[in-house]
Amino acid sequence: MINEQFRRSNMPKKVPYDINSFTKEGAYEVAMTVMYSSTTALKIKVNELLAVLQTKTNIDEKFFDCMLQAFDGVFEKRNIKSEETEEPATDVGVSVLMMSDPTNLTGKLKDSILLRESRGDARRFITSFDADKTIEFVNINLEEHQEINNKLKVLGKNFFDDFNQIVIGSTFILTSEAYNTLKLYEKQCFDKAKNIENPHLLIELHSRANKAIRLSCHYAALNHPKDFRILESDMEQATTTVEFCSKDYHKFISYESQAPDEVDKIITFLKSENNLGKEFKKGYFIKNYTKFAKRREQFRKEFEKILDMAKDVAIQDGYFLSIRPNSSNNSICCALTKLENNSLSYYVKPVDELIQNIEDSKLSKISNEPNNNYNNDLTNNTDNTDNDVIF
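I will try to describe carefully the structure that is included in this document.

About the cut-offs
Residues numbered from 1 in each chain as written. Predicted model: local features only at pLDDT ≥ 70, side-chain atom pairs only at ≥ 80, totals over all residues. Heavy atoms only, no water. Pairing = 2+ DSSP bridges. Helix = DSSP H or I, 4+ residues; strand = E, 2+ residues; numbered from the N terminus. Contact = heavy atoms within 4.5 Å. Axes fitted to C-alpha atoms, helices over the stretch in contact; angles between N-to-C directions. Left-handed = near helix turned anticlockwise from the far one by under 90°. Nonpolar A, V, L, I, M, F, W, Y, C, P; charged D, E, K, R; others polar. Disulfide = S-S within 2.5 Å. Core = buried A, V, L, I, M, F, W, Y, C linked by side-chain atoms within 4.5 Å. Buried < 20%, exposed > 50% of the residue type's maximum accessible area, 1.4 Å probe, protein only. Patch = residues over 30% accessible without salt bridge, like charges linked within 9 Å, V, L, I, M, F, W, Y side chains within 5 Å. Areas by Shrake-Rupley, 256 points an atom, 1.4 Å probe, with all protein chains shown as cover. Salt bridge = Lys/Arg side-chain N within 4 Å of Asp/Glu carboxyl O. Phe/Tyr/Trp six-rings, centres within 6.5 Å; stacked < 30°, edge-to-face > 60°. Lys NZ or Arg CZ within 6 Å of the ring centre and 35° of its normal. Polar contact = N/O pair within 3.5 Å; in protein donor to acceptor, adjacent residues only side chain to side chain.

Ordered in space as 5-7-6, the 3 strands form an open sheet in which the pairing is antiparallel. Sheet topology places strand 5 (280–281) and strand 6 (319–326) at the edges, where each strand pairs with a single neighbour. Bridge count for strand 5 against strand 7 (residues 331–338) is 2 bridges, and the pairing is antiparallel. Looking across to strand 7, one finds that K281 is bridged to C333. Sheet contacts for helix 12 (residues 262–271): strand 5, strand 6 and strand 7; angle to strand 7, the most-contacted strand, approximately 60°. On the sheet, helix 15 (residues 303–316) packs against strand 6 and strand 7 and is oriented at approximately 155° with respect to strand 6.

See the structure below:
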């Protein structure tokens, strides 16, 4: 039994071509295979990052935490008291590609992304952002299409020929010329950061030089696989690549999705001619959740918070969203009304009127108290300049 377990634990694991999720233990086992085989690397790919973050589980959270360590090529096994602590997998090649449609980059989801950026993603990942890109249709005939495919096949073959020449486990030395280019680029990044206050942009700018070092190793391995030096041209390629991919990072940080969220959708629905002034129950919104949100259960749980935000938005637009409890089924009802000429609803008291009511109430209480000196002061005082209200 012990021999069988030992044999199974030491069997080489099959490395998936694309990894989109893993546990800490699973990542450690695959990383150990990569470390000892020296023939491949981990390729992590997430096609819809925002969708994963929106519905993330505990496993997904650990998956993203593992990727922070993966930046240094390190994978650790979870420590269990009953087992002996094992050495981590180190020097593991890792390639990570995560992408998503920015349409849903709003609210809590955007806050989650920015939190991850501040906790380490901005220092480790090169973030490229192109939300305004328009796709144009190109009309080509079949012969032109086949010619393009043939050229791509030749380029692909040449590309893999270069890869096959790379010496596994090779170490590249940074030349003095490349170092000077790196320090010049680092100074340029620090100069840009002097006039920037956004903390996310500062973190990203200060990390660009470190990203350039890593990229320069890749370029050196591809440009001259037998010459184990990082040349000035390799570093220039690396810095150019980092700048090109990071040039729109500020747009990513300040991006506001134009897609209407739940609040805007509810306000738009209640503003329509047929619905203005009409009362709707919570059950209606939950039943027709596809008009207002993507996930029914999340929309149901956060409905009261969404209405509170909608109430503030409505006032800014010249409307009033009334919300009242529905005692019949322990729920709530809401209705939207137009504030004509900036007037408030009958049920909403202006601030000045509320203050006056409080003052009148206090004066009434004082005047009704027997043998009260304040009562005499109020009735006998002829100078109303300083004693209009007594608190």
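What follows is about the packing of helix 12 against helix 15. Contact pair helix 12 / helix 15: the axes reach a minimum separation of 9 Å and the direction vectors enclose 65°. The handedness of the crossing between helix 12 and helix 15 comes out as right-handed. The residues of helix 15 that touch helix 12, namely those facing E262, V263, I266 and I267, are F303, I306, L307, M309, A310, V313 and A314. Here the contact of helix 12 with helix 15 is built from residues that sort into 10 nonpolar, no polar and 1 charged.

A few words now on the environment of I203. Secondary-structure assignment places I203 in helix 8 (residues 199–206). Sequence separation between I203 and E117 is 86 residues, and the spatial gap between their C-alpha atoms is 8.8 Å.

Moving on: the state of the cysteines. One covalent bond between the sulfur atoms of two cysteine residues makes up a disulfide. Going through the model one piece at a time under the given rule, you end up with 0 disulfides. Residue C333 stays outside any disulfide, its sulfur separated by 7.6 Å from that of C334, the closest cysteine.

Tracing the backbone shows K311 in helix 15. Taking the C-alpha atoms as reference points, K311 and S322, separated by 11 residues in sequence, lie 7.8 Å from one another. Setting aside its immediate chain neighbours within four residues, K311 contacts F320, L321 and I323.

Judged by nonpolar contacts, the single largest core of 33 residues is most densely connected at F22, L42, F63, F75, V92, I113 and F252. For this core, the secondary structure elements donating two or more residues are helix 2 (24–37), strand 1 (42–46), helix 3 (49–54), helix 4 (58–70), helix 5 (107–124) and helix 11 (249–254). A per-element tally of this core places helix 2 first, with 6 residues. In this structure F75 touches F22, A27, Y28, A31, L42, A70, P88, A89, V92 and V94, once residues within four positions along its chain are discounted. Counting residues in hydrophobic clusters, the runner-up holds 21 residues, among them L270, A293, L307 and I332.

On to a nonpolar patch on the surface. On the surface, a cluster of nonpolar side chains totalling about 470 Å² of accessible area is made up of V138, I140, I148, L152 and L155. Relative to the helices and strands, L152 is located in helix 6 (residues 142–164).

A word on the packing of aromatic side chains. The geometry of an aromatic ring pair is captured by two quantities: the separation of the ring centres and the angle between the planes. Within this structure, the stated rule accounts for 18 aromatic pairs. One aromatic cluster is present, formed by F269, F280, Y284, F285, F292, F299 and F303 through successive ring pairs. Sitting over the face of the ring of F71, R214 holds its NZ or CZ atom 3.9 Å from the ring centroid. Sitting over the face of the ring of Y319, K338 holds its NZ or CZ atom 4.5 Å from the ring centroid.

Further remarks concern the side chain of H200. Along the polypeptide, H200 turns up in helix 8. For H200, a relative accessible area of 14% puts it in the buried group.

Inspection of the entire model under this criterion finds 16 salt bridges. Between D72 and R214 there is a salt bridge, with its nearest N and O atoms 3.6 Å apart. Here D72 is found in the loop between helix 4 and strand 2 (94–98), whereas its partner R214 is found in helix 9 (residues 208–223), with 142 residues between them in sequence. Among the residues examined, D72 registers a relative accessible area of 47% and is labelled partly exposed. Here D161 makes a salt bridge to K157, at a shortest N to O gap of 3.2 Å. Here D161 and its partner K157 are both found in helix 6, 4 residues apart, which amounts to about one turn of the helix. The structure contains a network of salt bridges with shared partners spanning K192, E204, R208 and E243.

On to the side chain of E204, then. One can find E204 in helix 8. A polar side-chain atom of E204 sits 3.3 Å from a polar atom in the side chain of S246. Residues in contact with E204, not counting those within four places in the same chain, are A122, K211, S246 and Y249.

Function cannot be inferred from these measures alone, as they are strictly geometric.
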